[in-house]
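Coordinate analysis (summary)
The residues making up each chain are set out below.
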Amino acid sequence: MVLYVLFNARLQLAASTRAFSTTSCVGCEKGHQPGPHFRSKIEHHPLYTDLPKPEKQPTDAAEGAQTKSGSSPSVTEEYDDYTFPHLIWGKEEAESVSITHHVPRDKTEKVAMYTVKIMRFFFDLFSGYHFGAMNEIKWLRRIIFLETVAGVPGMMGAMVRHLHSLRRLQRDHGWIHTLLEEAENERMHLLTALELRRPGRVFRFSVLMAQGIFTNMFFLAYLISPRFCHRFVGYLEEDAVKTYTRCLAEIDSGHLKMWSKMPAPPIAIEYWRLGENALMRDVILAIRADEAHHRLVNHTLGGMDPNQKNPFGPGQ
């Protein structure tokens, strides 16, 4: 009896399904002749739409850059924008960057500051920063090497905090994205400089050695004291602002004649939304403004408890 009922119900269901597909539409009081099933049509499945790729809309930051600089941003076809949100600097903002210094208040901050001073002393000594004139080639060599190091702290800090969040089963309170944005921003400085010069094998080997040593040391340091690491990066960025300020001064004084007239690389025009007629001086201005912002961010994070909420939102 049970099998008979189930078999009869199946026949009724099949009959109703055929009636639905040939006589009427759901929700219609009058019977309509339905169209052919999508499988018998040449068109795509009705749920599949091959929409054209939307045009890239200018962001609020890009519109702000256009308003402040007075020129519209240039878009290059060869550059694909996969970058994190980042600040776009107006002309006045970039020009107003000044050299500042956070006075250390305890032993941890003093150790961070003197660690940076010692590292810079030896790097300046071996790179010839204080010996002879700094031409464009020496500047590029210095910028490229420094940016390969500067891109490490943000990535390592973000990785450690990410692993802590996974291991402790708790939230990160927004620090990770800020550190990743910083790491990528420093890498964009490097990629911009690489548009002007490609280092040789000896230079690449020195980068490899420096990265291997510094990455492991910073990783261990961040496990022990995140506060020390953020103060360390804050003091490192203070020196970076000094370096780029000197570079701008040499451009303005005519010591770097090539850069005073050289057009900005396309990757820099796209990344910082510079004007189409931007020069290398505008690129250095934007890089210095980035370093000043990293200085602010890391000194701020260095004065906070690691479990506090990050005051900097995405792109801030």
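Just above sits the structure.
Structure report, in brief. (Residues numbered from 1 in each chain as written. Predicted model: local features only at pLDDT ≥ 70, side-chain atom pairs only at ≥ 80, totals over all residues. Heavy atoms only, no water.)

The next subject is the packing of aromatic side chains. Tallied over the entire structure, the rule returns 10 aromatic pairs. For the pair F145 and F203, a centre-to-centre distance of 6.0 Å together with 85 degrees between the ring planes defines the contact as edge-to-face. Residue F145 is found in helix 5 (residues 136–150), and its partner F203 is found in helix 8 (residues 201–224); the two are separated by 58 residues along the sequence. F203 carries the same exposure label as F145, and that label is buried. Pairing F214 with F232 gives two aromatic rings, centres 6.2 Å apart and planes at 35 degrees, and the pair type is tilted. Taken together, the residues F214 in helix 8 and F232 in helix 9 (residues 226–252) connect sequence positions 18 residues apart. Taken as a pair, F214 and F232 share a single burial class, namely buried. Members of the aromatic cluster, joined through ring pairs, are F214, F218, Y222, F228 and F232. (Phe/Tyr/Trp six-rings, centres within 6.5 Å; stacked < 30°, edge-to-face > 60°. Helix = DSSP H or I, 4+ residues; strand = E, 2+ residues; numbered from the N terminus. Buried < 20%, exposed > 50% of the residue type's maximum accessible area, 1.4 Å probe, protein only.)

All right, on to the nonpolar core then. Grouped together as the largest cluster of nonpolar side chains are 60 residues, with contacts concentrated most on F218, W259, W272, V283 and I284. When contributions to this core are tallied by element, the ones reaching two or more residues are helix 4 (107–127), helix 5, helix 6 (152–168), helix 7 (175–194), helix 8, helix 9, helix 11 (266–271) and helix 12 (280–302). For this core, the element with the highest residue contribution is helix 9, accounting for 9 residues. With residues near it in sequence (within four places) discarded, V283 still touches T192, A264, P265, A268, W272 and L274. (Core = buried A, V, L, I, M, F, W, Y, C linked by side-chain atoms within 4.5 Å. Contact = heavy atoms within 4.5 Å.)

So, about the pattern of salt bridges. Counted under the stated rule, the structure contains 14 salt bridges. For the salt bridge of K91 with D282, the shortest nitrogen-to-oxygen distance reads 2.7 Å. Taken together, the residues span a long stretch of sequence, with K91 in helix 3 (residues 91–95) and D282 in helix 12 at a distance of 191 residues. Exposure remark for D282: the relative accessible area of 18% places this residue in the buried category. A salt bridge links R161 to D172, with the shortest nitrogen-to-oxygen separation between them at 2.6 Å. Here D172 lies in the loop between helix 6 and helix 7 and R161 lies in helix 6, a separation of 11 residues in the sequence. You'll find R161 and D172 in the same group, each marked buried. Ionic contacts of the salt-bridge type, sharing partners, join the residues R105, D106, E109, R227 and R231 into one network. (Salt bridge = Lys/Arg side-chain N within 4 Å of Asp/Glu carboxyl O.)

Here we come to helix 4. Compared with an ideal rise of 1.5 Å per residue, which puts 21 residues at 30 Å, helix 4 spans 30 Å between its outermost C-alpha atoms and is within 8% of the ideal. Those residues of helix 4 lying buried are E109, A112, M113, V116, R120, F123 and D124. Angular distribution of buried residues about the axis of helix 4 spans 100 degrees; they occupy a single face of the element. What points out from helix 4, more than 90 degrees from its buried face, is the exposed set K107, I118, F121 and F126. The elements touched by buried residues of helix 4 are helix 5 and helix 9. A distance of 3.2 Å separates the backbone nitrogen of T108 from a side-chain oxygen at the start of helix 4, and that oxygen is part of D106. One or two positions beyond helix 4, positive phi appears at G128, with a value near 70 degrees. (Expected span 1.5 Å × (residues − 1). Arc of directions from axis to C-beta. Polar contact = N/O pair within 3.5 Å; in protein donor to acceptor, adjacent residues only side chain to side chain.)

The next thing to look at is the packing of helix 9 against helix 12. Interhelical geometry of helix 9 versus helix 12 gives an angle of 160 degrees and a closest axis separation of 8 Å. On the basis of their axis angle, the class for helix 9 and helix 12 is roughly antiparallel. As helix 9 packs across helix 12, the resulting crossing turns out to be left-handed. (Axes fitted to C-alpha atoms, helices over the stretch in contact; angles between N-to-C directions. Parallel < 35°, antiparallel > 145°, perpendicular 65-115°, else oblique. Left-handed = near helix turned anticlockwise from the far one by under 90°.)

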